[in-house]
Amino acid sequence: MSLSALLARAHAHIQAHRARQPDNLPQGQPVVLFFSLSNGAERAVVRHYRAATFEAAWQQAVRGSQRLGGRSKASWQWLRVDWVTEVQPATWQQLRALLGRTKRNYFRCGLALDARFDHAFLEQELNANAMLYGGSAVECAQLNEKNFLAYARRRFGPSLQCDFADDAPVWRFATAGVFVAQPGSDMALPGQGEPQVLPAPPLAQPWNAPRTLDCGRRQVAALDAKASLQLVRSASAFLARQVGKQGRFVYGHFPCFGRTIASYNALRHASSLYAMLEGWELTREPALMAAIERGLAYLAEELIAEKVLPDGTQAAFLVDTGEEIKLGGNAVCLLALSKYTELTGNQRYLPLLERLALGVLHMQDDTTGQFVHVLHAHDLSVKEAFRIIYYDGEAAFGLMRLYGITRDVRWLAAVEKAFAHFLQAGHWKAHDHWLSYCANELTRYRPEERYFRFGVQNIRDHLDFILQRETTFPTLLELAMAFEQMLRRIEAMPQMHHLLEGFDKAKFYRALHHRAHYLLNGCFWPEFAMFFAKPQSVAGSFFIRHHAFRVRIDDVEHYLSGYVAYWKMLTRDAAPATAQTAVREQALAAAEATRGVEPADLAPEWVRPFRGLLFKHAAPDAIAVSVIIPLYNRAQAVRDCLKRLRASLFDRERMEVIVIDDASSDGSFEAAKAFVDDFPNILVARRAQNSGGASLPRNHGLDLASGRWVLFVDSDDYITAHALSDAMALAEAHPGTDLVCMPYFRAHGSRRAISASAFHYPKSVAGLRFEQTMLCNSLNAVGKLMRRSVLEEHAIRFPQDIRMREDNWFTMKLYAVARQIAILGNEKPYYFIADQDEVSLSSTAAAPEDVQTIFLSVHAFVLAQPTLEPARAADLLAIYMNRYAPLLRKSARLQELALALRGSLASIAASAHLSAEAQAFVRALMRQS
């Protein structure tokens, strides 16, 4: 888009806005326009123009901007046009008095040095050049004559003189504005692609009036799930960009002068990785995970040190600047590494997690439960008994998260001791967000009144502060979101309702939503970032205004964590909820707009793996079932599969067909495309590169699905005409059902093994728990009608780096969390297996690659479910062990396996479901651990 096109877009919106909201200027006051242009890499060039009418000023500004564009070879990315709406004369003495009543960096007006506006500066120029900043020791705004004069001379020439005498005149003014951007240059933020109206501050109101605080940036009328996800993506992407090749962060930026922060903080390195993992849980962006992997490796290899405790125990500690060991440092390491383990199923950090937790226990008084906060790294002697209350909450929260994975009672016992101290010391008076997190987590496993009461007290008297705090303070949103989870659980427990007596629930939700919206004032929107020295280094991040607009990784992490939790709350009650809702909408819109066109350069980033997309939806809100078909070089088979699906007795208006072709070379994509007109709701997508397995195509299908239920069908299999209607009827007749399993039948010519034991019911049955079935003999994902909200709630996806038995990884996790299971009777055929594409799990000739990784991932997943009682979790793992013991015993890494399972081997061995063969294997592991 040319500069002329940017100007034309801005002009239309300015005219419309000025017609609705006339300026509040005195008679005869000229129209003053400020034009600010930035190429994204450098500070904006600002010029202003005045004339008797708006159109006359506009024409001057257009000519000036075009001359500027002609002289500069820069490619203008961002254009901001501001116009003066209100003017108020004063003296510098009066202005200094006003600045003394204004919090530093919160002066929101422009300043003119003369009545004609020959020399004038926007509020954004003043703040971005530290012209009214007296330093971090000065709480209020303050004229900085040196910075003021330096920028003024850059703007107007080196001969400019400024008179700052008390009786010298100065004019304070307000501006409204419009921001327009080149396509794709305004970041993936709310409002992207559209001109943004930027409201003016009211001069008559103080600096902390709501209309003043919210001015000068785009307005997001409804911070809905889509907008929240965009903020999560933006913050996550910013943090990922800060991680260097070696895994070390760019710690922060001072954007006024384009300098990076030279110091480092190991604690914030770890806590930022934790927030990034929270973001990845929603976005699943590969670049984000790559940055996380680098950061975790640097954390484990460079920042964490192994220490031998006085009793000979091997422990680990995060060593920070000044050779300090901080309680909070070990705590956030626990959070980051536990979250990584939980989300990926990768167990490699479990031994380190145990040693870090032992380090935390070393810093706890075994009698009182109280923590010591800071140690000397060289000899583990106490440096500071107490530093900041954050550390206590972080330590308890980190231990709870590790307990959720391993169920090792040592960690839970330490947290309960700590809470005894927290209660006695009245820690709830601190209103700390980490304490809110850990109280909520503890009550999942110990739902005792005293812990719930602590959580309520931690926020009860803090609502006015959340509503009225002028600085953005993102941890206030985290505090509210952690309690909101606890609040929902208290409401579901009648015996705890008395804890909410006198609690203003309506005010709490008002405060929560207010804080989420108010945090938008801390976003580095492009229309604000453009005035700073290196706009692209901070655009799309989050800043702390009262700290000179500082951007630091820990600042951004708190905004990110708050918005992740806010998104989860907004989508919690949506049906169906998915972490890819906004992405799916973008992808399908792009698919519709690019029918038959290579979308790689046109579509959103999520769509770029696809070389072709065809999409049709007649009734997107009515979809009950999404049928997902991964496809690779099965042209004739997929025709047969889709023909059978086309003959389904189930209402096709309520069915969605999703075919993901994995870069076939035999015309499979074209074969599937031929069926687009046969289904009212269908998406056929072709990947640009082959993934080497079914996992990635299936995950794509899940991310694009809109149905309440999901059914996987392999392209060389097929279902019968009555399969979907019978399965849906059974599910709808039993509302608690999360999974309906279809009996398998071997098609003509197939050699694939079929489990008769899993589907031995002649009539359909419902209300089953997994332990009551023989479904352990059916670990493939096809032919199972799954409630999609269960998959999304528990982030169940197929592993991308495992080529065999990836179904086991997926299905065993689903079996663990499905509330009730139904199985169709085998009196009728339902699902036909037409090929043999996998080595039978019962074969023990050789231990398959990755089998240990699969089992450890399932083990971690099962133990991380707070709704599973320990005894039931042990029974599930025992059943899975029955299937996997013949393969696991051939592993070359048995000692590693024994260590990873150490916390749960005894309970597995005690399960009545464990077979004799598996019992012997488990006992052998116990001896090795």
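Here we summarise the structure given alongside this text. (Residues numbered from 1 in each chain as written. Predicted model: local features only at pLDDT ≥ 70, side-chain atom pairs only at ≥ 80, totals over all residues. Heavy atoms only, no water.)

### Side note on the sheet that holds strand E9 (residues 259-260)
(1) Moving on: Sheet architecture is open: three strands sit in the order E9-E8-E15, paired in antiparallel fashion. Both edges of this open sheet fall to E9 and strand E15 (551-552), since each of them pairs with a single strand only. (Pairing = 2+ DSSP bridges. Helix = DSSP H or I, 4+ residues; strand = E, 2+ residues; numbered from the N terminus.)

### With respect to the pattern of salt bridges
Opposite charge on two side chains permits pairing when their charged atoms draw close.
(1) Moving on: For the structure shown, the criterion picks out 51 salt bridges.
(2) Moving on: Between Arg155 and Glu125 there is a salt bridge whose closest N-O contact spans 2.9 Å. Of this pair, Arg155 sits in helix H5 (residues 145-156) while Glu125 sits in helix H4 (residues 123-128), and the two are 30 residues apart along the sequence. Both residues of the pair, Arg155 and Glu125, belong to the buried class.
(3) Moving on: For Arg902, the salt bridge identified is with Glu354, shortest N-O distance 2.1 Å. Of this pair, Arg902 sits in the loop between helix H31 (894-901) and helix H32 (905-909) while Glu354 sits in helix H11 (residues 350-362), placing them 548 residues apart in sequence.
(4) Moving on: Overall, the relative accessible area of 32% leaves Arg902 in the partly exposed class.
(5) Moving on: Three or more residues are tied together by salt bridges with common partners; here these are Glu324, Lys383, Glu384 and Arg387. (Salt bridge = Lys/Arg side-chain N within 4 Å of Asp/Glu carboxyl O. Buried < 20%, exposed > 50% of the residue type's maximum accessible area, 1.4 Å probe, protein only.)

### What to know about the sheet that holds strand E12 (residues 324-326)
(1) Moving on: Within the open sheet, the five strands sit side by side as E10-E11-E12-E13-E14. Their pairing is antiparallel. Pairing within the sheet leaves two strands with one partner each, and these edge strands are strand E10 (304-308) and strand E14 (382-384). Adjacent strand axes in the sheet meet at a mean angle of 45°, parallel and antiparallel pairs treated alike.
(2) Moving on: Sheet topology note: the strand E11 (residues 314-320)/E12 ladder contains two bridges and is antiparallel. Pairing of Val319 across the sheet is with Ile325, part of E12. (Axes fitted to C-alpha atoms, helices over the stretch in contact; angles between N-to-C directions.)

### Looking at the packing of helix H30 (residues 870-888) against helix H33 (residues 916-928)
(1) Moving on: For the pair H30 and H33, the least separation of the axes is 9 Å and the interaxial angle reads 60°. One way to sum up the angle between H30 and H33 is to call them oblique. By crossing handedness, the relation of H30 to H33 is classed as left-handed. On H33, the residues that touch Met881, Asn882, Ala885, Pro886 and Leu888 of H30 are Glu917, Ala918, Phe921 and Val922.
(2) Moving on: Here the residues of the contact of H30 with H33 sort into seven nonpolar, one polar and one charged. (Parallel < 35°, antiparallel > 145°, perpendicular 65-115°, else oblique. Left-handed = near helix turned anticlockwise from the far one by under 90°. Contact = heavy atoms within 4.5 Å. Nonpolar A, V, L, I, M, F, W, Y, C, P; charged D, E, K, R; others polar.)

### Observations regarding the side chain of Ser338
(1) Moving on: Locating Ser338 in the fold gives a position in helix H10 (residues 327-344).
(2) Moving on: Apart from residues lying up to four places away in sequence, Ser338 is in contact with Leu353, Arg401, Leu402 and Ile405.

### A few points about the environment of Met486
(1) Moving on: Mapped onto the fold, Met486 is located in helix H17 (residues 475-491).
(2) Moving on: By relative accessible area, Met486 is classed as buried at 1%.
(3) Moving on: Between the C-alpha atoms of Met486 and Gln124, which are 362 residues apart in sequence, the distance is 41 Å.
(4) Moving on: Excluding its chain neighbours within four sequence positions, the residues that come into contact with Met486 are Ala439, Asn440, Thr443, Tyr451, Phe452, Gly455 and Val456.

### Notes on unusual backbone geometry
(1) Moving on: The phi torsion at Phe117 lies on the positive side, around 65°, for a residue other than glycine.
(2) Moving on: By the element assignment, Phe117 lies in the loop between strand E4 (110-112) and strand E5 (120-121).
(3) Moving on: Not every positive phi belongs to a glycine, and Leu380 is a case in point at roughly 65°.

### As for empty space enclosed by the protein
(1) Moving on: Going through the model one piece at a time under the given rule, you end up with six cavities of 30 Å³ or more.
(2) Moving on: Together, 16 residues line the largest cavity, and Glu354, Thr406, Leu899, Ala900 and Gly903 are the ones closest to its centre.
(3) Moving on: For the lining of the largest cavity, a count of residues per class yields eight nonpolar, four polar and four charged.
(4) Moving on: Of the volumes computed, that of the second largest cavity is approximately 80 Å³.
(5) Moving on: Lining the second largest cavity are 13 residues, and of these Arg108, Cys215, Arg217, Phe528 and Arg545 lie nearest its centre.
(6) Moving on: Of the residues contributing to the lining of the second largest cavity, the split by class is six nonpolar, three polar and four charged. (1 Å grid on protein atoms, 1.4 Å probe; cavity = no way out; pocket = protein on both sides within 12 Å on 5 of 7 lines; lining within 4 Å. Points joined across faces, edges and corners; volume = space filled by probe spheres on them.)

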